[in-house]
Amino acid sequence: MVKAVAIITVSDSCFKDNSRDKSGPALFDFITEKFPEANVHTIIVPDEKEIIERELKYFCDSNIDLILTTGGTGLSPRDVTPEATKAIIQREVPAIPIAMTIESLKKTPMAMLSRAVAGIKDRTLIINFPGSKKAVTECIEVVKVVISHAISVINNELGEVKTVHDKLQIDHICPHKRNSHVDISKVALRPRESPYPMMEMVDAFNVVDAVMLKWNEKIEVVSLENSMGCVVAQDIIAKEPMPPFPASVKDGYACLSLDGVGTRTVRAAVAAGETPYTPLGHGECARVNTGAPLPLGADCVVQVEDTKLTQASDDHKTELEIEVLVAPQPHQDVRPIGFDIPVGSMLVNKGDVIGAAQMGILAGAGYQNVPIITYPKVGIMSTGNELQEPSDSILRPSHIRDSNRIMLKALLKEHGYESIDCGIARDEPSALAEAIARALPLTDILVCTGGVSMGDRDLLKPVLINDFGATLHFGRVRMKPGKPSTFATCEFQGKTKFIFALPGNPVSAYVCCLLFVVRALRVCTRRPGEFARLGVRLAHDVSLDPRPEYARAVLHFPSVDQLPVATLLGNQCSSRLLSACGASVLLELPGASERAPRLAAGVTVPAYVTGRIDLTRL
Ligand SMILES: Nc1nc2c(c(=O)[nH]1)N[C@H]1C(S)=C(S)[C@@H](COP(=O)(O)OP(=O)(O)OC[C@H]3O[C@@H](n4cnc5c(N)ncnc54)[C@H](O)[C@@H]3O)O[C@H]1N2
Ligand code: MOO
Ligand SMILES: [Mg+2]
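Scoring rules and cut-offs
Each chain has its residues counted from 1, running along the sequence as written. The order in which chains are written sets their letters, starting at A; the order in which ligands are written sets their numbers, starting at 1. Per-residue local features of the predicted model are confined to residues with pLDDT of at least 70, and side-chain atom pairs are confined, for both listing and counting, to 80 or more; whole-chain, interface and lining totals are unaffected and use all residues. With hydrogens and water excluded, all non-hydrogen atoms of the structure serve as input to the side-chain values. Here the term buried applies to any residue with accessible area under 20% of the maximum for its type, exposed to any over 50%, and partly exposed to those in between, with areas from a 1.4 Å probe on protein chains only. The way it works is that DSSP assigns letters per residue, a run of H or I at least four long becomes a helix, a run of E at least two long becomes a strand, and they are numbered from the N terminus. Strands were regarded as paired on the criterion that DSSP finds at least two bridges between them. Any carboxyl oxygen of Asp or Glu within 4 Å of a side-chain nitrogen of Lys or Arg constitutes a salt bridge here. A cutoff of 4 Å decides nearness: a residue is near a molecule or strand if any of its heavy atoms lies inside that distance of it. Definition of a polar contact: a pair of N or O atoms within 3.5 Å, with one able to donate and the other able to accept a hydrogen when the atoms are protein atoms, and with sequence-neighbouring residues admitted only if both atoms are side-chain atoms. Each residue receives one of three labels: charged for Asp, Glu, Lys and Arg, nonpolar for Ala, Val, Leu, Ile, Met, Phe, Trp, Tyr, Cys and Pro, and polar for the others, Gly being one of them. The contact criterion used is simple: two residues touch if any of their non-hydrogen atoms lie within 4.5 Å.

Draft legend 1. Focus on the pairing of strand 27 (residues 495-502). Of all 8 residues in strand 27, 6 are buried; the element is thus mostly enclosed. When strand 26 (residues 486-492) meets strand 27, the two strands line up antiparallel, connected through 7 bridges. Residue pairing for strand 27: Phe 492 is matched across the bridge by Lys 495. Where strand 26 hands over to strand 27, the hairpin turn is made up of 2 residues, of which Gln 493 adopts a positive phi near 50 degrees.

Draft legend 2. Highlighting the pattern of salt bridges. What the rule picks out here adds up to 34 salt bridges. With a shortest N-O distance of 3.2 Å, Arg 405 and Glu 389 are connected by a salt bridge. Taken together, the positions of Arg 405 in helix 10 (residues 404-414) and Glu 389 in the loop between strand 21 (387-388) and strand 22 (400-401) put the pair 16 residues apart, joining distant regions of the chain. Glu 530 is the salt-bridge partner of Arg 519, the closest N and O atoms lying 2.8 Å from each other. In this pair, Arg 519 is assigned in helix 13 (residues 506-524) and Glu 530 in the loop between helix 13 and strand 28 (533-538), connecting sequence segments 11 residues apart. Residue classification places Arg 519 among the buried positions, given a relative accessible area of 7%. One salt-bridge network, in which partners are shared between bridges, spans Asp 12, Glu 48, Arg 78 and Glu 225.

Draft legend 3. Spatial organisation of the site of ligand 2. In the region of ligand 2, the neighbouring residues are Pro 481, Gly 482, Lys 483, Asn 505, Ser 508, Arg 547 and Ser 574. A distance of 2.5 Å is found between an oxygen atom of ligand 2 and a backbone nitrogen or oxygen belonging to Gly 482. At 2.5 Å from an oxygen atom of ligand 2 is found a side-chain nitrogen or oxygen belonging to Ser 508. Broken down by class, the residue content of the shell around ligand 2 amounts to 1 nonpolar, 4 polar and 2 charged.

Draft legend 4. Structural view of helix 12 (residues 460-468). For helix 12, every residue scored as buried is listed here: Leu 460, Lys 461, Val 463, Leu 464, Asp 467 and Phe 468. For helix 12, the elements touching its buried residues are strand 20 (378-383), helix 11 (429-439), strand 24 (445-449), strand 25 (471-474), strand 26 and strand 27. Looking one or two residues beyond helix 12, the residue adopting positive phi is Gly 469, at roughly 60 degrees.

The following block contains the structure:
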């Protein structure tokens, strides 16, 4: 039986713009239709052998039955999927790509140009598909008849002892039936007060920091192109000077400053990228462009504006003599070797986050790879019997579409973190336990939403405790939104797993993901967990909740010498996600007291900068 499938789209362009991926979704549709029971994971990676290999290995190690890749099988230099696949498989299954090729050749001779590979690593079957949706659709038709059988055979081939062992393992890791120890039959016995102590925010933050510091820092080398947003793992020093030669800062004439004003014979012309071979003597100059190297002998550049042409060739193609009108100083308009970056200077420090400028610096200094601190694998799961996929065309009675999964995935991405989709779990103890058990092998941090409050179907906490032996570090926090926020750890297959079980209300999930999950991920890469804070003035009166509240607001900037002014994004109730749309900040509003039930317009409050600060529509 096919229980878990990973679909990897390999494409630089789809990696940059996920919406361009058409072949991954085609494979997804096929798999979900053919194996509706299967847990399907989809990711998009660039055409980087190291990354493809890493992801293949990761999914193989996570007991995925079948990995389908699409893209990167052609002849272009960036097409490396077959190489990455060959690097990790132990046995090739050559007839699968042969069968696909034979069939595809009936449609197009271009099929000859696919180098797709199929093979097995441990218990995982990997099949490369070409990158186009059409080719994928054709090829999947060819292989679909053998997939199920191939996977059964792969499993049955194992020795008996290993089979038993693996079966136990599979039942443990990917149980397709897992019985929960949580009994929900006696609803009348449920607690009427939450058994989880209410933690103050500051303590909850400290707990997250302390627990996440236990995550073992891991270092990985990634290509410079893929390093955007990554945290640098070690200091990187300039091994080459910038510029590597004395370079002109202006378009003009390289001269000897001692010659002062007066006429010069134009001995040579040096454009950027050309090497001057003729040394200059007194009374001579070389026409140079900005960025061009200076000829030997020259010690300054006179910009063209400070010169006059005195003689040119008859055809006007060559300047023969010019007059320098303003006496130059030594070194004028010359960047000496190492002016911008001397050899040995620090390009990026350990702990820096790679941004556009750092990428430019590293590229300019000849670094193609960057050692980075990796962050934990994050999985996002929604829970709730009422939830349907957002793509479902028909909404069943009393159902709603799942907002949280896609939102949290995007929210983490906004903050530089990828995550995998762990689907929707039903509010049944065994279904929840099973979904969690399927997700945990694929993740280090599991972020669930829903099912953490006081309802008889709020089962996350009891399932985590009773079925996974989890330790709850907190199960309630004095905050709005997010009161039932839960943070737990458990040991699973010899590894510590971190679980954030966030409230299901979309705003609560959004705010708590920012405040707890993003924080946790930063701590794991040894960065300060806290968002930057600034003081802002309230644009209007705000009535306070008894709990400290994280209100979503936009900023506007009256003048440079005044604090920014914050306007709340409408009704702040936890279900109204419009209050988070376009929010730049989370205002930290204090809990109401009898003496101060509201804050007046103009009062200054702290604000976490959690979104982009753009000029607002106000
Ligand atoms: N008796 C009490 N009831 C509630 C309390 C309480 O203290 N005592 N706390 C309230 C607070 S505060 C919150 S927040 C919510 C948290 O609820 P749960 O985490 O248990 O989440 P659910 O009950 O599953 O769902 C709550 C709400 O959110 C909707 N939802 C859930 N998941 C999604 C999703 N993926 N996409 C869109 N909407 C989602 C769900 O349909 C419910 O409307 O509990 C209060 N109750
Ligand atoms: O704490 Mo809940 O998240 O208000 O709505
Ligand atoms: Mg609930």
